[in-house]
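Residues per chain are reported as follows:
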Amino acid sequence: MVSIKDVARHAETSFKTVSRVINGDQRVNPATRERVSEAIRALGYRPHSGARMMRSNQSRIIGFLSDRVTTQPHSGDILRGAQQMADAHGRLLMLFNIDADAGDDHRRRAFELLMEQRVDGLLYACDYHREVTLPLEMQQLPSLLVNGFSTTMALPALVPDERLAAQQATHLLLAEGHRHIAFLAPNPRSVATPLRIAGFHDALLEAGIEPSSMPVITACVGTPGGEEEYLVDSALAQLMTGETPPTAILCGQDRIALQLYLVLARRGLSPGRDLAVVSFDDQQPISGALSPSLTTMALPHLEMGRQAMKLLLDGNAPSGTTPMPFSIVLGQSHRHG
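Here the structure is a predicted model, which means the values were calculated and not measured.

Some details on the side chain of D127
1) Next: Position of D127 among the secondary structure elements: in strand β3 (residues 121-131).
2) Next: For D127, a relative accessible area of 5% puts it in the buried group.
3) Next: Polar contacts involving the side chain of D127 include one to the side chain of R130, which spans 2.9 Å.
4) Next: Apart from residues no more than four positions distant in its own chain, D127 is found in contact with D67, R68, V69, Q72, H74, S75 and N147.

Here it is in structure tokens:
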């Protein structure tokens, strides 16, 4: 096994100089640094991570507490983005899967296991935008929330900008000439729902349209068993029998849009031809499988993961909650006629 002394002999320098090069000391003469680096490459030397951690007091490990992120296909990009940024900075990402429903003890144990590894920082990521309850110990090291927020703990958080996304989606329909737009709202218990409704109203007001004149109908409710029940069929029937049927519908999430596509098909109608449709989330495989293609607002999961890791490594995360913009995925469903 190649040792640091072997590298020193090969580079014709001292043990201390090699150690300084390995630890990134910029005071080493550039020519000497290059000679040591060449010796390391030639001999295939690998620094001992445990010893380096003791010297620098850094493990170069970032903890990632996944609150169901890795078990849900639509939120896995948060982990992928964090991993990309960790790789780019030579950091190791240590992942622990947790489940909020398992209780505080489960989260605390996962946190303790990460602390035992002497992680340099911690990302706590949620599968969807929601408030979370966190162990108080998280304040002991640099931590950042992704897709979640805490009202009891002052930790920086990155969340999707739900209100702006709804505003942009509504602007898209208004730009197509629609002045009779309905909103099929998601589960009222969702954090995103009132924000998306507010963004819908913001855009209407900017266009000089009274928000109360545009119907908002709940198209998804929670059941006692914890599942969700969709009410799209009855919602569409209510809209189409009204005095002024909408020419466009903003669906509060892609699952509602999927149900709408099915209901329209049973009526012999088609999105993008008989009724304009725009949605939220870009949730695969739903949005990619619908025909005509669905125009939807893509959640910024990948960028949230990347940005969260960068802020954590840079040590300059802004306090409070920072909203991040969605991106528009243009399909054919928002066009009418």
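Looking at the sheet that holds strand β13 (residues 321-324)
What holds strands together in a sheet is hydrogen bonding between their backbones, with the strands either parallel or antiparallel.
1) Next: Read from one edge of the open sheet, six strands run β2-β1-β3-β4-β5-β13, paired in parallel fashion. Every other strand in the sheet has two partners, leaving β2 (92-98) and β13 as the edge strands with one partner each. Looking at each pair of strands side by side, their axes are set apart by 20° on average, direction ignored.
2) Next: Here strand β5 (residues 157-160) pairs with β13 via four bridges, running parallel. Bridge pairing in β13 links L158 to T322.
3) Next: Here helix α5 (residues 76-88) sits on the sheet in contact with β1 (61-67), β2, β3 and β4 (143-149), set at roughly 160° to β2.

Remarks on the state of the cysteines
1) Next: All told, the structure shown has zero disulfides when counted by the stated rule.
2) Next: Not engaged in a disulfide, the cysteine C126 finds its nearest cysteine sulfur in C220; these two sulfurs lie 19 Å apart.
3) Next: Cysteine C251 shares no disulfide, and the gap to the nearest cysteine sulfur, in C220, comes to 12 Å.
4) Next: Given a relative accessible area of 0%, C251 falls into the buried group.

So, the confidence of the model for the protein chain
1) Next: Per-residue pLDDT for the protein chain has a mean of 88; in total, 92% of the residues score no lower than 70.
2) Next: Below pLDDT 50 for its whole length, residues 49-56 participates in nine contacts with residues either more than four positions away or in separate chains.

Brief notes about the side chain of N187
1) Next: As for its placement among the helices and strands, N187 is situated in the loop between β6 (181-185) and α8 (192-206).
2) Next: N187 sits in the buried class, given a relative accessible area of 7%.
3) Next: Among the polar contacts listed, one links the side chain of N187 to the backbone nitrogen of R189, at a separation of 3.0 Å.
4) Next: Excluding anything up to four places from it in sequence, N187 contacts T193, C220, V221, G222 and E228.

What to know about the pattern of salt bridges
A side chain of one charge can pair with a side chain of the opposite charge if their charged atoms are brought near each other.
1) Next: Considering all chains together, one arrives at 17 salt bridges under this definition.
2) Next: For E162, the salt bridge is made with R196, and the minimal N-O distance between the two is 2.8 Å. Placement of E162 in helix α7 (residues 162-175) and of R196 in helix α8 is noted, with a sequence separation of 34 residues between them. Summarising the burial analysis for this pair, E162 and R196 share the class buried.
3) Next: Here D274 makes a salt bridge to R273, at a shortest N to O gap of 2.7 Å.
4) Next: Residues joined in a network through salt bridges with shared partners are D67, R68, D127 and R130.

Some thoughts on the sheet that holds strand β12 (residues 295-298)
1) Next: Sheet architecture is open: six strands sit in the order β7-β6-β10-β11-β12-β14, paired in mixed fashion. What marks the edges here is a single partner per strand, and that holds for β7 (216-218) and β14 (327-329). On average, adjacent strands in this sheet sit at an angle of 20° to one another, irrespective of strand direction.
2) Next: With four bridges connecting them, strand β11 (residues 276-281) and β12 associate as parallel partners. What sits directly across from D281, in β12, is A298.
3) Next: Contacts between α7 and the sheet are confined to β6, β10 (248-251), β11, β12 and β14, with β11 contributing the most and set at about 165° to the helix.
4) Next: Together, β6, β7, β10 and β11 form the strand contacts of α8, whose direction differs from that of β6 by roughly 175°.

Considerations on the pairing of β4
1) Next: The buried count for β4 comes to seven of seven residues, which makes it a mostly enclosed element.
2) Next: As judged from the six bridges shared by β3 and β4, these two strands associate in the parallel manner. Bridged to Y124 within β4 is L145.
3) Next: By the bridge criterion, two bridges tie β4 to β5 in an arrangement that is parallel. When the sheet's bridge partners are listed, L145 is paired in β5 with A157.

Structural notes on the packing of aromatic side chains
1) Next: A full pass over the atoms with the stated rule returns two aromatic pairs.
2) Next: Seen in terms of ring centroids, F183 and F200 are 5.3 Å apart; in terms of plane orientation they differ by 85°. Their pairing is edge-to-face. With a gap of 17 residues between them, F183 in strand β6 and F200 in helix α8 connect regions that are remote in the sequence.
3) Next: A residue is classified by how much of its surface remains accessible, and F183, at 0% relative accessible area, is buried.
4) Next: The exposure class assigned to F200 is buried, which follows from its relative accessible area of 0%.

Rules used throughout
Residues numbered from 1 in each chain as written. Predicted model: local features only at pLDDT ≥ 70, side-chain atom pairs only at ≥ 80, totals over all residues. Heavy atoms only, no water. Helix = DSSP H or I, 4+ residues; strand = E, 2+ residues; numbered from the N terminus. Buried < 20%, exposed > 50% of the residue type's maximum accessible area, 1.4 Å probe, protein only. Polar contact = N/O pair within 3.5 Å; in protein donor to acceptor, adjacent residues only side chain to side chain. Contact = heavy atoms within 4.5 Å. Pairing = 2+ DSSP bridges. Axes fitted to C-alpha atoms, helices over the stretch in contact; angles between N-to-C directions. Disulfide = S-S within 2.5 Å. pLDDT = per-residue confidence, 0-100. Salt bridge = Lys/Arg side-chain N within 4 Å of Asp/Glu carboxyl O. Phe/Tyr/Trp six-rings, centres within 6.5 Å; stacked < 30°, edge-to-face > 60°.

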